[in-house]
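# Coordinate analysis (summary)
Chain residues, written in single-letter form:
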Amino acid sequence: MAASAPVLLRVLSAAYGAAERAGEIIRRIMSEGDLGIVEKNGALDLQTKADRLVQQSIVGYLARHFPALKVIGEEEVEAGGSPELLEGSLSDEILQQTCPEELSKAQENELIVWLDPLDGTKEYTEGLLDHVTVLIGLAYQGKAVAGVINQPFYNYKAGKGAQLGRTVWGVLGIGGFGFHPAAIPGGKCIVVTTRSHSNKLVNDCVDAMMPDKVVRVGGAGNKVLQLIEGQASAYVFASPGTKKWDTCAPEAILHAFGAACVEIVF
Ligand SMILES: Nc1ncnc2c1ncn2[C@@H]1O[C@H](COP(=O)(O)O)[C@@H](O)[C@H]1OP(=O)(O)O
Ligand SMILES: [Mg+2]
Ligand SMILES: [Mg+2]
Ligand SMILES: [Mg+2]
């Protein structure tokens, strides 16, 4: 690994490659057909074999290359997995960027990685495959500063033979990459919100925005992709449920792209 690049870019470059390989694991487990579903906290909070294996593999991989890095993942799983599945996949594009001065000072032990090995688990179990993402966010001094989103089943509706999956990344002060930026046509208010974790408050808040249209899809990563690609103007979810592993990578990419992210704590 190029030792000369700032550690933030080296970690992000490794995260990019790891997220791509994680996407392959997620596709493989789906194609094998046995998802190994476990209810963590009722039927709305699930874990699959893919959540477990990807978390174990990425945690092990990052620990091997960046021993001082703190990685916080969603799943409570034993060490193990197959970190070797992720080896040898760095992003040169990221390593070659010029890092903003304040971020280039970050030391390995000052970065926190927030890892969601599979975002949109409920949708994964229901076959809504393009809602699924892998989220690897980097926080520095309490702020989401960089992130990677892999969408393993991007393009799957294009049919057999289509190239599946994509990886989107961003760093504050550098920008957001790997997607098709677009604006909402005609200044419409299109709200994107949960499809599987609704309640009265969530719906009342969406209604209060008097949207022209409401898009209900799963996953925090997927919804932020909808924002940056002009499918929606606001992501509204007035409820507990999303955690820092859901928001760190998407928030960093959204900010890197130049959009705003607001959290209202009740
Ligand atoms: N009540 C909840 N319990 C567990 N996870 C939740 C809950 N609400 C939201 N999440 C997490 O936030 C993501 C976005 O929410 P939603 O899809 O409802 O809009 C979900 O995919 C899920 O992440 P994960 O799939 O990684 O467990
Ligand atoms: Mg979960
Ligand atoms: Mg999640
Ligand atoms: Mg998850």
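Given the structure is predicted, the values throughout are model-derived calculations rather than measurements.

### Quick notes on the overall build of the chain
The number of helices and strands found in the chain is eight helices and eleven strands. Over its C-alpha trace the chain gives a radius of gyration of 18 Å, about what one expects of a compact globule, namely 18 Å for 266 residues. With the principal axes as the frame, the chain shows a C-alpha extent of 50 × 45 × 40 Å. Across the 266 residues of the chain, 50% fall into the buried class. Here the analysis covers contacts within the chain between residues at least 6 apart in sequence; of these, 68% occur between residues at least 24 apart. Summing over all exposed atoms, the chain offers an accessible surface of approximately 12400 Å²; the carbon and sulfur share of this is 50%. Here the chain contributes 23 positively and 31 negatively charged side chains, and the mean placements of these two sets differ by 3 Å.

### What to know about the coordination of the magnesium ion (ligand 4)
In the first shell of the magnesium ion (ligand 4), the protein supplies Glu 74 (OE), Asp 116 (OD) and Leu 118 (O), at 2.1 to 2.2 Å from the metal. As a motif over one chain, the donors of the magnesium ion (ligand 4) read E-x41-D-x1-L. The metal-metal distance between the magnesium ion (ligand 4) and the magnesium ion (ligand 2) is 3.7 Å, with Glu 74 serving as a donor to both. The exposure class of Asp 116 is buried, given its relative accessible area of 0%. Judged by its relative accessible area of 1%, Leu 118 falls in the buried class.

### Concerning the state of the cysteines
Disulfide: a covalent bond connecting the sulfur atoms of a pair of cysteines. Throughout the structure, instances matching the rule amount to zero disulfides. Counting only cysteine sulfurs, Cys 205 is the nearest neighbor of Cys 189, a cysteine outside any disulfide, at a range of 13 Å. Using a relative accessible area of 24% as the deciding quantity, one classes Cys 205 as partly exposed.

### Structural notes on the nonpolar core
Counting 47 residues, the largest nonpolar core has Leu 8, Ile 26, Ile 58 and Tyr 124 as its most contacted members. Counting only elements with at least two residues in this core, the list comes to α1 (7–32), α2 (49–65), β4 (111–119), β5 (133–140), β6 (143–151) and β7 (166–171). Excluding its chain neighbours within four sequence positions, the residues that come into contact with Ile 26 are Ala 50, Val 54, Pro 117, Leu 118, Tyr 124, Val 132, Val 134, Pro 152 and Phe 153. Grouped together as the second largest cluster of nonpolar side chains are 17 residues, Leu 135, Val 192, Ile 253 and Leu 254 included.

### Description of the pairing of β5
In terms of residue burial, β5 counts as a mostly covered element, since eight of its eight residues are buried. Going residue by residue along β5, you find Thr 133, Leu 135, Gly 137 and Ala 139 tucked away on one face and Val 134, Ile 136, Leu 138 and Tyr 140 tucked away on the opposite face as well. With seven bridges joining them, β4 and β5 adopt antiparallel strand pairing. Bridging from a neighbouring strand, Asp 119 pairs with Thr 133 of β5. Here β5 runs beside β6; their pairing, made up of seven bridges, is antiparallel. Across the sheet, the residue bridging to Gly 137 is Gly 147, located in β6. Connecting β5 to the antiparallel partner β6 that follows it, the hairpin turn spans two residues, and Gln 141 within it adopts a positive phi of roughly 50°.

### Looking at the pairing of strand β10 (residues 213–216)
Sheet topology places strand β9 (residues 190–193) next to β10; four bridges connect them, and they run parallel. Residue pairing in the sheet places Thr 193 in a bridge with Arg 216 of β10.

### A short note on the UniProt feature "binding site: Mg(2+)" (unreviewed entry) in the chain
Taking the UniProt record as the reference, the feature "binding site: Mg(2+)" (unreviewed entry) is found at Glu 74, Asp 116, Leu 118, Asp 119 and Asp 246. A maximum C-alpha distance of 9.6 Å among these annotated residues, which run over 173 residues, shows that they cluster at one spot. Checked against the lining of the largest pocket, the annotated residues reduce to Asp 246. Setting aside anything within four residues of it in sequence, one finds Asp 116 in contact with Glu 74, Thr 133, Val 134, Leu 135, Trp 245 and Asp 246. Structurally, the position occupied by Asp 246 is in helix α8 (residues 244–257). Residue classification places Asp 246 among the buried residues on the basis of a relative accessible area of 8%. Not counting chain neighbours up to four residues away, the residues in contact with Asp 246 comprise Asp 116, Asp 119, Leu 135, Ala 220 and Gly 241.

So, how was this worked out
- Residues numbered from 1 in each chain as written.
- Chains lettered and ligands numbered in written order.
- Predicted model: local features only at pLDDT ≥ 70, side-chain atom pairs only at ≥ 80, totals over all residues.
- Heavy atoms only, no water.
- Helix = DSSP H or I, 4+ residues; strand = E, 2+ residues; numbered from the N terminus.
- Rg over C-alpha atoms; globule rule 2.2 N^0.38 Å.
- Buried < 20%, exposed > 50% of the residue type's maximum accessible area, 1.4 Å probe, protein only.
- Contact = heavy atoms within 4.5 Å.
- Areas by Shrake-Rupley, 256 points an atom, 1.4 Å probe, with all protein chains shown as cover.
- Lys, Arg positive; Asp, Glu negative; His and termini not counted.
- Charge placed at Lys NZ, Arg CZ, Asp CG, Glu CD.
- Donors = N, O, S within 2.8 Å, 3.2 Å for Na, K, Ca; no water.
- Disulfide = S-S within 2.5 Å.
- Core = buried A, V, L, I, M, F, W, Y, C linked by side-chain atoms within 4.5 Å.
- Pairing = 2+ DSSP bridges.
- UniProt positions renumbered as here; feature names shortened; annotations may be inferred.
- 1 Å grid on protein atoms, 1.4 Å probe; cavity = no way out; pocket = protein on both sides within 12 Å on 5 of 7 lines; lining within 4 Å.

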